[in-house]
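Observations on chain architecture
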Amino acid sequence: MKQPSHSMRSKLFAGVTTFGIVSIALVGCSATDPTASGSESAKDTITLGHAGAPDSLQNKAALQIKERVEELTDGAVTVEVYPASQLGSWEEQQGSIEVGAQDALIESPGSLERYTDLAAVGVLPYLYANQDEFFEVWDGDLGADIIDQISEESGFRLLGSFYRGPWLTATNKLIESPSDLAGVKIRVPNQASVIATWEVFGASPTPMALNEVFSALEQGAIDGVENPIDIHRYNSFYEVVPNIAETHHMYGNYHIQVWDEAYQAWPDNVRDAFDQAVEEASLSYREASIADAIESKKVMIEGGATFTEVDFDEWAAAAAPAYEKFPEAVQEWAAKVRESYGR
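Quick look at the structure, then. All values derive from a computational prediction rather than experimental measurement. (Residues numbered from 1 in each chain as written. Predicted model: local features only at pLDDT ≥ 70, side-chain atom pairs only at ≥ 80, totals over all residues. Heavy atoms only, no water.)

**Observations regarding the overall build of the chain**
Of the regular secondary structure elements, the chain holds 13 helices and 10 strands. Considering the chain as a whole, with its 343 residues, one finds that 55% of them fall into the buried category. When contacts within the chain are restricted to residue pairs at least 6 apart in sequence, long-range pairs at least 24 apart make up 76% of them. Taken as a whole, the chain presents about 14,100 Å² of accessible surface, with 49% of it coming from carbon and sulfur. (Helix = DSSP H or I, 4+ residues; strand = E, 2+ residues; numbered from the N terminus. Buried < 20%, exposed > 50% of the residue type's maximum accessible area, 1.4 Å probe, protein only. Contact = heavy atoms within 4.5 Å. Areas by Shrake-Rupley, 256 points an atom, 1.4 Å probe, with all protein chains shown as cover.)

**Remarks on the packing of helix 6 (residues 141-154) against helix 13 (residues 328-340)**
The relative placement of two packed helices is expressed as an angle between their axes plus a distance between the axes. Axis separation between helix 6 and helix 13 bottoms out at 11 Å; the angle between their running directions is 165 degrees. With respect to helix 13, the element helix 6 is oriented roughly antiparallel. The handedness of the crossing between helix 6 and helix 13 is left-handed. Counted together, L142, D145, I146 and Q149 of helix 6 and W333, K336, V337 and S340 of helix 13 form the full contact between these two elements. Among the residues forming the contact of helix 6 with helix 13, the class breakdown is 4 nonpolar, 2 polar and 2 charged. (Axes fitted to C-alpha atoms, helices over the stretch in contact; angles between N-to-C directions. Parallel < 35°, antiparallel > 145°, perpendicular 65-115°, else oblique. Left-handed = near helix turned anticlockwise from the far one by under 90°. Nonpolar A, V, L, I, M, F, W, Y, C, P; charged D, E, K, R; others polar.)

**Re the pattern of salt bridges**
Tallied over the full model, the rule gives 11 salt bridges. Note that E71 and R68 form a salt bridge whose closest N and O atoms lie 3.3 Å from each other. Highlighted residues: E71 and R68, both in helix 3 (residues 57-72), separated by 3 residues, approximately one helical turn. When salt bridges with common partners are traced through the structure, they connect R68, E71 and E280 into a single cluster. (Salt bridge = Lys/Arg side-chain N within 4 Å of Asp/Glu carboxyl O.)

**Some remarks on the packing of aromatic side chains**
In this structure the tally under the stated criterion is 16 aromatic pairs. Between the aromatic rings of Y126 and F312, the centroid separation amounts to 5.2 Å while the plane-to-plane angle is 80 degrees, which identifies the pairing as edge-to-face. Residue Y126 is found in the loop between strand 3 (104-107) and helix 5 (131-138), and its partner F312 is found in helix 12 (residues 312-319); the two are separated by 186 residues along the sequence. On the accessibility criterion, Y126 (3% relative accessible area) is buried. With centroids separated by 6.3 Å and ring planes inclined at 50 degrees, the aromatic side chains of Y128 and Y341 adopt a geometry described as tilted. Residue Y128 is located in the loop between strand 3 and helix 5, and its partner Y341 is located in the segment after helix 13; the two are separated by 213 residues in the primary sequence. Residues Y128 and Y341 agree in their burial class; the two are buried. Put simply, the rings of Y128, F134, F135, W138, Y163, Y251 and Y341 touch in pairs and so form one group of aromatic residues. Over the ring of W333 we find K336, and its NZ or CZ is 4.1 Å from the ring centre. (Phe/Tyr/Trp six-rings, centres within 6.5 Å; stacked < 30°, edge-to-face > 60°. Lys NZ or Arg CZ within 6 Å of the ring centre and 35° of its normal.)

**Here's the deal with the pairing of strand 6 (residues 204-207)**
In the sheet, strand 5 (residues 185-188) pairs with strand 6 via 4 bridges, with the strands oriented parallel. Residue pairing across strands places I186 opposite P205, the latter belonging to strand 6. Note that the unit made of strand 5, helix 7 (residues 192-200) and strand 6 has a crossover that is right-handed. (Pairing = 2+ DSSP bridges. Right-handed = clockwise from strand over helix to strand, strands pointing away.)

**Looking at the nonpolar core**
With 44 residues, the main nonpolar core has I65, F162, V213, I244, I256 and F274 as its most contacted residues. Among the elements that take part in this core, helix 11 (residues 268-302) stands out by supplying 7 residues, more than any other. Membership of the second largest hydrophobic core comes to 35 residues, among which are V137, I147, A196 and Y323. (Core = buried A, V, L, I, M, F, W, Y, C linked by side-chain atoms within 4.5 Å.)

**Structural notes on the side chain of E107**
Structurally, the position occupied by E107 is in strand 3. Despite being buried, E107 has no salt bridge partner; R164 is the closest side chain of opposite charge, sitting 4.8 Å away. Engagement of the side chain of E107 in a polar contact is seen with the side chain of S108, the distance being 3.3 Å. Apart from the residues lying within four places of it in its own chain, the contact partners of E107 are W90, Y254, H255 and Q257. (Lys, Arg positive; Asp, Glu negative; His and termini not counted. Polar contact = N/O pair within 3.5 Å; in protein donor to acceptor, adjacent residues only side chain to side chain.)

**Some points on helix 3**
Between its first and last C-alpha atoms helix 3 spans 22 Å; for 16 residues at 1.5 Å apiece the expected length is 22 Å, and the two agree. Looking one or two residues beyond helix 3, the residue adopting positive phi is D74, at roughly 55 degrees. (Expected span 1.5 Å × (residues − 1).)

Here it is in structure tokens:
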């Protein structure tokens, strides 16, 4: 397996904040050395973190995994769930996972872009016209090939599949066409491909941790945020920026991220129980996510949000120049995706 270089690791960990270091210390006492040999009791705790709110779909899935793992192992293994970025940003949590201080993280494959360019395939704009195209790719062999390649190049194994739905753009003013975004400060994750897309739209993309977004919106430090509908709802962003443009510029899944070398060293019974729990949670998540999106839109409208449909072709054409900024390998995979459904 190709692992990140020593220089890459140094750069990654140089950015870990004091909060992240404290988080590592807090979970380090409960995360057993994943390479320890001996009996199955060598792995009795699994730490699972994510950025979702306590009442979010991510946390519901995490708690389902916790309950099932503990049931399958007769209580010999405990899954500790930390929602709402309690263990730090996803960058910090990935760093903790790499050094063995944390075991797992619920995040999108695009978050691994700093480890491998290929992860950008998970966040390319207007790669899918609808969710059926997305499902066709990610439920099939091509999706599996992308996941395997990302895992090989990054060192992170991606487990399960948790459908997030399409991305929407919430702002403090009405957005109908890409030209309306000129100068608008949009919060984005710290991912080069996402930043490139919003620059092409003419916006001012502002990387920021998710747990900092609400206060930044409230204080006017940023003008908007782009995320799937559940993130807008459960983090109450729509209460501050109620203009929701149904841009549908991305579709995506969450996966459980684990450091593959450590994961392969888990005792067989622990790994099997975790895999089974993740698979079961994945099967129920898609249906729950689609139903929750309908309910979320209703709740947000009742809370004062306004939803605006946009012209897909207009937005896709505006996003097209961004592809010139992506690495050649990413463009090649994007071409394979489009070829797979004849578009």
